[in-house]
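The lines below spell out each chain.
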Amino acid sequence: MRYKKRAQQALFLILITAACFTVQDAPLAESADTFIPPEYVSYCEEIGDDYGICPELLEAIMESESSGNRWAENGNCKGLMQINMKYHQSRMKILGVSDIYDARGNILLAADYLAELFREYGDLGTVLMLYNGSSDALDRGIRTEYTEYATKIIKRSEQLERLHRK
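Procedures and definitions
- Chains are numbered independently. Their residues run from 1 in the order of the written sequence.
- With pLDDT at 70 or above as the cut-off, local features in this predicted model cover only qualifying residues; side-chain atom pairs require 80 or more to be listed or tallied, and sums for whole chains, interfaces and linings still use all residues.
- Here the side-chain values reflect all heavy atoms present in the structure, with hydrogen atoms and water set aside.
- Runs of H or I in DSSP of at least four residues are treated as helices and runs of E of at least two as strands, each being numbered from the N terminus.
- For each residue, the accessible area found with a 1.4 Å probe, counting protein chains only, is set against the maximum for its type, and the residue is called buried under 20%, exposed over 50%, and partly exposed in between.
- Working rule for contacts: check all heavy atoms of both residues, and any pair within 4.5 Å makes them a contact.
- Throughout, the Shrake-Rupley method with a 1.4 Å probe supplies accessible areas, and for residues the shown protein chains are the sole cover considered.
- Paired strands, as defined in this entry, are two strands with at least two bridges between them according to DSSP.
- What counts as an axis is a line fitted to C-alpha atoms, over the stretch in contact for a helix, and the angles between N-to-C directions run from 0 to 180 degrees.
- Handedness of a helix crossing follows the sense of rotation of the near helix relative to the far helix, less than a right angle counterclockwise being left-handed and clockwise being right-handed.
- Under the convention adopted here, Pro, Cys and the residues Ala, Val, Leu, Ile, Met, Phe, Trp and Tyr are nonpolar, Asp, Glu, Lys and Arg are charged, and Gly plus all remaining residues are polar.
- The pairing test for Phe, Tyr and Trp rings, Trp by its six-membered ring, is centres within 6.5 Å, and the orientation test on the planes gives stacked under 30 degrees, edge-to-face over 60, and tilted for anything in between.
- Whenever a carboxyl oxygen of Asp or Glu lies within 4 Å of a side-chain nitrogen of Lys or Arg, that contact is scored as a salt bridge.

1. Description of the overall build of the protein
- Along its length, the protein carries 8 helices and 3 strands.
- Order of helices (α) and strands (β) in the protein, N terminus to C terminus: α-α-α-β-β-β-α-α-α-α-α.
- Looking at the 166 residues of the protein, the share that counts as buried comes to 48%.
- Intrachain contacts of the protein at a sequence separation of at least 6 include 58% that bridge at least 24 residues.
- Carbon together with sulfur atoms contributes 51% to the accessible area of the protein, which is approximately 8,900 Å² in total.

Here you go:
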């Protein structure tokens, strides 16, 4: 069982890393590294490694969702990664996250949800649209007509990947 989980994690890492480099738009101008606090970046690295998700993807989502503000709220969506409390209560219990505003716990919830979406749909753009709650995500994903949100996250993740490889 342990080997199967590691093999799945390795596959997710390959798929996600490859997906981070699939957008073939014009080259992006190099921009500043993330403004997210180093503590949160290290959580993204640790949790991303555990789930086979590139940490830059988690950082890009965090930048967009909360600008790194762990107290951010938008309706039922809370914390760094804007976890929707309505839909993720059972995930919180399973993962042992009792405080939605705990930075590490919030990132853990997001990574677990993203990994679930990747297992089911595989396509980075579709996963991001579903994460963001786009009602037509599956149809758009089939046509690779990603929302502005998904495209922005993919591009920012690519920027961060390039900056971190230097």
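2. What to know about the sheet that holds strand β3 (residues 83-84)
- Reading across from one edge, β1-β2-β3 is the order of the 3 strands in this open sheet, with antiparallel pairing throughout. Of all strands in the sheet, those bounded by a partner on one side alone are β1 (73-74) and β3.

3. A short note on the packing of helix α2 (residues 38-51) against helix α5 (residues 103-121)
- Closest axis-to-axis distance for the α2/α5 pair is 10 Å, and the angle between their directions is 35°. Both α2 and α5 take part in a crossing whose hand is right-handed. From α2, Y40, Y43, C44, E46, I47 and Y51 reach across to α5, where they touch A103, R104, I107, L108, A111, D112 and A115.
- When its residues are assigned to classes, the contact of α2 with α5 shows 10 nonpolar, no polar and 3 charged.

4. A look at helix α6 (residues 124-131)
- Counting buried positions over the 8 residues of α6 gives 8, a clear majority of the element.
- Among all positions of α6, only L124, G125, T126, V127, L128, M129, L130 and Y131 are buried.
- With its phi angle positive at about 85°, G133 sits one or two positions after the end of α6.

5. Looking at the environment of K152
- With respect to the helices, strands and loops of the structure, K152 is situated in helix α8 (residues 148-165).
- Classification of K152 as partly exposed rests on a relative accessible area of 45%.
- A sequence separation of 91 residues divides K152 from I61, and the C-alpha atoms of the two residues are 9.3 Å apart.

6. Quick word on the packing of aromatic side chains
- Across all of its chains, the model carries 2 aromatic pairs by this definition.
- Residues W71 and Y101 carry aromatic rings whose centres are separated by 5.3 Å and whose planes lie at 35° to one another, so their mutual orientation is tilted. Separated by 30 residues along the polypeptide, W71 in the loop between α3 (55-66) and β1 and Y101 in the loop between α4 (85-95) and α5 bring together distant segments of the chain.
- Ring centres of Y113 and Y131 lie 5.8 Å apart, and the angle between their planes is 35°; on these two criteria the pair is classed as tilted. Here the residue Y113 occupies a position in helix α5, and Y131 occupies one in helix α6, the gap between them amounting to 18 residues.

7. Observations regarding the side chain of K78
- Residue position: K78 is located in strand β2 (residues 77-78).
- Excluding its chain neighbours within four sequence positions, the residues that come into contact with K78 are A72, E73, I83, M85, I100, Y101 and N106.

8. Concerning the pattern of salt bridges
- What the rule picks out here adds up to 6 salt bridges.
- Of the charged contacts, one joins E116 and R91 as a salt bridge, the two residues approaching to 2.8 Å between their closest N and O atoms. Taken together, the residues span a long stretch of sequence, with E116 in helix α5 and R91 in helix α4 at a distance of 25 residues.
- One network of salt bridges, with partners in common, ties together R91, D112 and E116.

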